[in-house]
Amino acid sequence: SVDDPLTVTCTAPVNIALIKYWGKREEDKILPLNPSLSITLDVADLRTKTTVVASKQFDRDRLWLNGKEHDINNKRMQTCIRKLRQGADDLWRDGKLMIAKEEWKNYRLHIISENNFPTAAGLASSASGLACFVYSIAQLLQFKETFPGELTTIARQGSGSACRSLLGGFVLWESGTALDGSDSIARQIATGDKWKSLRVIILIVNEQQKKTSSTAGMQTSVQTSDLLKVGGDRNIFLIIRLIKEKFRAKEVVSMQLSRMRDAIEKADFPTLATVTMQESNQFHACCLDTFPPIFYLNEVSKEIIQFVHDYNADNNDITVAYTFDAGPNAVLLTREENLEKLMNSLHQKFGFFPVTREGVTRSVFENSQSD
Ligand code: PMV
């Protein structure tokens, strides 16, 4: 007979978008307006760890986040659980069938999840959190993909950027064209092998939770920002505008994506850094262009941006880049050979000590325990 309860523990890393996802073309399935590209961080102190316990004795599914019980009847999490249960497969051990896939419907799940970094402060906690949620349940239920990347389409429906945390290295999340979202998958486009000297520094400017969630923020941006996309009742002007102007979601991202992919392939740090900074700035410009405007950056964030540009100008080279998500905290990219000098300058200027300074992942999950 099989043990009851069954337990699986997994960890999932944070990913940082270099080409930003901002805006959905379809809310329910979380289909993005544009493709995005990220790096997955290989950093022990920026991870979600999730334990899933399954038992026939439990009366219902339950969830704890950072020690506090949360409602698991959230629509997005329910979608993920439903799809994962649908794809459940037989559990075999030592060549013996332990649980037939039909049996899983009698098991209820207790999910215990912890982040070892500030939650919802623009440090991609939803990405690692939902990736870990989906991956650990998938492991437990022996989830079987019916097409490559299916698991990423499930994580995407938990939180868009979570689909990118299922893979290591440089990851592309395709916007896709299929109505059912089956081609809006994440896939690795390069390992970190050519980028072993890449280092990431995270500057925690503010640990508070952000005021505007990314979900709410991108909804108003899609409705009101012309810089992002012509939306809603402005459609009469659409054709004229599309001919005359270049909108972020339509043209700019695809151009920046191809520059970025080329830079990744050639291990060209200055181009990767330039596109990363331009992308971050354009994303925050879209936030400012949203009505009413959304301010994720604060004065310290802006000082960091100025610092990076001054630093690069003083060195006559682009050796450091910044990027900011939906919060004021900065992620800096540099290379190992520049790390010490940069850290000294940062410390002199801001008195910051970085949270971490590690490279890009190649492998992703460690399944630390699996019954
Ligand atoms: O997946 P969400 O809803 O947390 O949105 C993430 C949006 C950004 O972090 C700002 C950009 C990105 O691509 O990660």
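Residues numbered from 1 in each chain as written. Predicted model: local features only at pLDDT ≥ 70, side-chain atom pairs only at ≥ 80, totals over all residues. Heavy atoms only, no water.

Draft legend 1. Focus on the pattern of salt bridges. Applying the stated criterion to the full structure yields 14 salt bridges. Where R248 meets E279, a salt bridge forms, and the shortest distance between an N and an O atom there is 2.8 Å. Of the two residues, R248 is situated in helix α6 (residues 248-266) and E279 in helix α7 (residues 269-289); the sequence distance between them amounts to 31 residues. Neither R248 nor E279 differs from the other in exposure class; each is buried. (Salt bridge = Lys/Arg side-chain N within 4 Å of Asp/Glu carboxyl O. Helix = DSSP H or I, 4+ residues; strand = E, 2+ residues; numbered from the N terminus. Buried < 20%, exposed > 50% of the residue type's maximum accessible area, 1.4 Å probe, protein only.)

Draft legend 2. Local environment of helix α1 (residues 75-86). Look at α1: 16 Å from first C-alpha to last across 12 residues, which is about the 16 Å you get at 1.5 Å a residue. Of the residues making up α1, those classed as buried are M77, T79, C80, I81 and L84. (Expected span 1.5 Å × (residues − 1).)

Draft legend 3. Examining the site of the ligand more closely. Neighbouring the ligand are 14 residues, the closest being Y21, S126, S161, R164 and S214. Between an oxygen atom of the ligand and a side-chain N or O atom of S159, the distance comes to 3.2 Å. Within the side chain of S161, one N or O atom sits 2.7 Å away from an oxygen atom of the ligand. Considered on its own, the ligand offers 380 Å² of accessible surface; in the complex 93% of this is hidden by protein. Counted by class, the shell around the ligand contains six nonpolar, five polar and three charged residues. Counting contributing residues per domain, the shell around the ligand is built from domain 1 (6-192) and domain 2 (198-358), each supplying no fewer than three. (Near = heavy atom within 4 Å. Polar contact = N/O pair within 3.5 Å; in protein donor to acceptor, adjacent residues only side chain to side chain. Areas by Shrake-Rupley, 256 points an atom, 1.4 Å probe, with all protein chains shown as cover. Nonpolar A, V, L, I, M, F, W, Y, C, P; charged D, E, K, R; others polar. Domains from an automatic or database assignment.)

Draft legend 4. Broad picture of helix α9 (residues 336-350). Relative to the 21 Å expected for 15 residues at 1.5 Å per residue, α9 spans 21 Å between its end C-alpha atoms, a close match to the ideal helical length. The sharpest bend along α9 measures roughly 25° and falls at L342. When α9 is considered as a whole, its buried residues turn out to be N338, L339, L342, M343, S345, L346 and F350. G351 sits one or two positions beyond α9 and adopts a positive phi of about 70°. (Bend = angle between axes of the 7 residues up to and from the residue.)

Draft legend 5. Representation of unusual backbone geometry within the structure. Cis geometry marks the peptide bond from F291 to P292; its omega dihedral reads -5°. On the secondary structure map, P292 appears in the loop between α7 and α8 (299-315). A positive phi is found at I30, a non-glycine position, where the angle reads about 55°. The topology assignment puts I30 in the loop between β3 (24-26) and β4 (31-32).

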